[in-house]
Amino acid sequence: MSESLVLVLNCGSSSLKFAIIDHTCGAEVLHGQAERLESAEASLTVKSADGKTNIPIANANHSRAISEIVKVVQRVDGLVEKIKAVGHRVVHGGELFHKSMLINDATITQLRECEHLAPLHNPANILGIEAAREVFPDLPHTAVFDTAFHQTMPSKACIYPLPYDLYKDHGIRRYGFHGTSYRYVSQQAAVELGRDESELATVIAHLGNGASVAAVDGGKSQDTSMGMTPNEGVVHGTRCGSIDPSIPEYLVQNLNMSMDEVSDILWKKSGLLGISGLSNDCRSIEEAAAGDHELSQLALEIYSYRLAKEIASLVVPLGRLDALVFTGGIGENSTLIRGEVIRQLGFLGLELDAAANERCIRGQQGRISTESGPAVLVIPTNEELMIAQDAAAFIA
Ligand code: AMP
């Protein structure tokens, strides 16, 4: 194990995921999460090679949760001393951040300027940064942005056909997300294909509970399906993805809904959950569909169809396709969705290798297409390793 480790933090409003990573090889020494922060049920779960521990931390806030993590770390001989940097996942970097940044007081001010773009995520990210800076005042802290990778998108891809002043005066444009995952997967795709990343044209589908697709040319994002928020684009677990933009107005005017109710529908009650009426979890939907649950079958059909359409449209900015890559919980595990999408994209020359498709699950990386046509790859993502590597770059 390397003598310098990185603490990676991913803070949500009431949760905090952490990992202590050897940035030279990606090995995780410890990882876990604090959940239900600021409630009586708050708890911290820590996993290591020795097993899993659950520690009640009633009413703990982010700061106390980080202190509790440090206490756990201190019980492992010499581990705290090996932590040489902290990497923070930050959801939205607006147009201010094109790459990962060392955090100082000026950076925090700039981060606050992006808060309105991700009101559910960025305030929690900043809370985590401030708490961690208190606990580790002498370590370099680095912010790694989900949006930064997509700052290479040309104007034609990122400007909405709305009045231009809305972009200029209010920053209303497409930003894209999952950038840290795309950066990792694009590099790994080149390794898997034995080619140089700079010469590759790939479409990458990151399919988790939130899902997006990106067109990557020579390691640079050309376009992506998520927009100003992580709702645009393909079908998600509970979010609707792209719909007729006038539907919210219709719901307000004709069904007497408030904007809060509409927002609740678009973000929390749509997607796989909304169509199936059962679950946002792809595994549960696949099981129900196999048992003849018709709305689950429809949910999978809509999911695969819209995904295949999005992938095909993202070949346009590339003008060619060397590889289609699947990642994220669904992309790494759902042989059914992958098979269905590849079948619908047969006109691009994609051809499924059924045995390889069955093999590439649960963390197994590999090619799932035949040798003819563009490659189709499954690459398990590793956002934590990217964050750790970016943070390690600032170790003095
Ligand atoms: P993530 O947000 O990347 O953790 O992905 C979560 C999604 O991956 C959920 O919808 C899970 O149901 C889905 N998933 C995980 N394993 C499988 C599997 N074996 N088959 C289908 N979907 C899966």
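Please read these numbers as outputs of a predicted model, since none were measured by experiment. (Residues numbered from 1 in each chain as written. Predicted model: local features only at pLDDT ≥ 70, side-chain atom pairs only at ≥ 80, totals over all residues. Heavy atoms only, no water.)

1. Some details on the side chain of Thr-327
Note that Thr-327 resides in strand β12 (residues 323-327). Within the structure, Thr-327 has its side chain in polar contact with the side chain of Glu-332 (distance 3.1 Å). Discounting residues that sit within four places of it in the chain, Thr-327 has contacts with Ser-181, Val-185, Ile-204, Ala-205, His-206, Leu-207, Glu-332, Ile-379, Pro-380 and Thr-381. (Helix = DSSP H or I, 4+ residues; strand = E, 2+ residues; numbered from the N terminus. Polar contact = N/O pair within 3.5 Å; in protein donor to acceptor, adjacent residues only side chain to side chain. Contact = heavy atoms within 4.5 Å.)

2. Some points on the sheet that holds strand β14 (residues 375-378)
Reading across from one edge, β11-β10-β9-β12-β14-β13 is the order of the six strands in this open sheet, with mixed pairing throughout. Pairing within the sheet leaves two strands with one partner each, and these edge strands are β11 (220-224) and β13 (366-367). Two strands pair when backbone bridges link them, and strand β9 (residues 201-207) and strand β10 (residues 211-217) are joined in this way by seven bridges, in the antiparallel orientation. Across the sheet, residue His-206 finds its bridge partner in β10, namely Ser-212. (Pairing = 2+ DSSP bridges.)

3. Things to note about the pairing of β11
Of the pairings in the sheet, the one linking β10 to β11 comprises four bridges and is antiparallel in character. Counterpart to Val-216 in the pairing with β11 is Ser-221. In textbook terms, the turn of a hairpin is the stretch between consecutive antiparallel strands, and for β10 and β11 this stretch comprises two residues, one of which, Gly-218, has a positive phi near 60°.

4. Focus: the packing of aromatic side chains
For the structure on display, the rule yields two aromatic pairs. For the pair Phe-97 and Phe-145, a centre-to-centre distance of 4.3 Å together with 15° between the ring planes defines the contact as stacked. A residue pair is termed long-range when its members are at least 10 positions apart, and Phe-97 in the loop between β6 (83-90) and β7 (101-102) and Phe-145 in strand β8 (residues 141-145) qualify at 48 residues. Assessed through its relative accessible area of 2%, Phe-145 is described here as buried. On the basis of an interplanar angle of 65° and a centroid distance of 5.5 Å, the ring pair of Tyr-164 and Tyr-167 is categorised as edge-to-face. Residue Tyr-164 and its partner Tyr-167 are located together in helix α6 (residues 164-170), separated by three residues, close to a single helical turn. For Tyr-167, a relative accessible area of 19% gives the class buried. Here the guanidinium or amino end of Arg-173 rests over the ring plane of Tyr-175, the centre of that ring lying 4.5 Å away. (Phe/Tyr/Trp six-rings, centres within 6.5 Å; stacked < 30°, edge-to-face > 60°. Buried < 20%, exposed > 50% of the residue type's maximum accessible area, 1.4 Å probe, protein only. Lys NZ or Arg CZ within 6 Å of the ring centre and 35° of its normal.)

5. A word on the confidence of the model for the chain
As a general rule, the predicted coordinates of low-pLDDT regions are not to be interpreted in detail. For the chain, the mean per-residue pLDDT works out to 96, and 99% of the residues sit at or above 70. The spread of mean pLDDT over the elements of the chain runs between helix α1 (residues 62-74), the lowest at 90, and β11, the highest at 99. (pLDDT = per-residue confidence, 0-100.)

6. A few points about the sheet that holds strand β5 (residues 51-56)
An order of β5-β4-β3-β2-β1-β6-β8-β7 is seen for the eight strands of this open sheet, with the pairing classed as mixed. At either margin of the open sheet sits one strand with a lone partner, and together these are β5 and β7. Of the strand pairs in this sheet, β6 and β8 are connected by five bridges, and their pairing is parallel. Pairing of Val-86 across the sheet is with His-141, part of β8.

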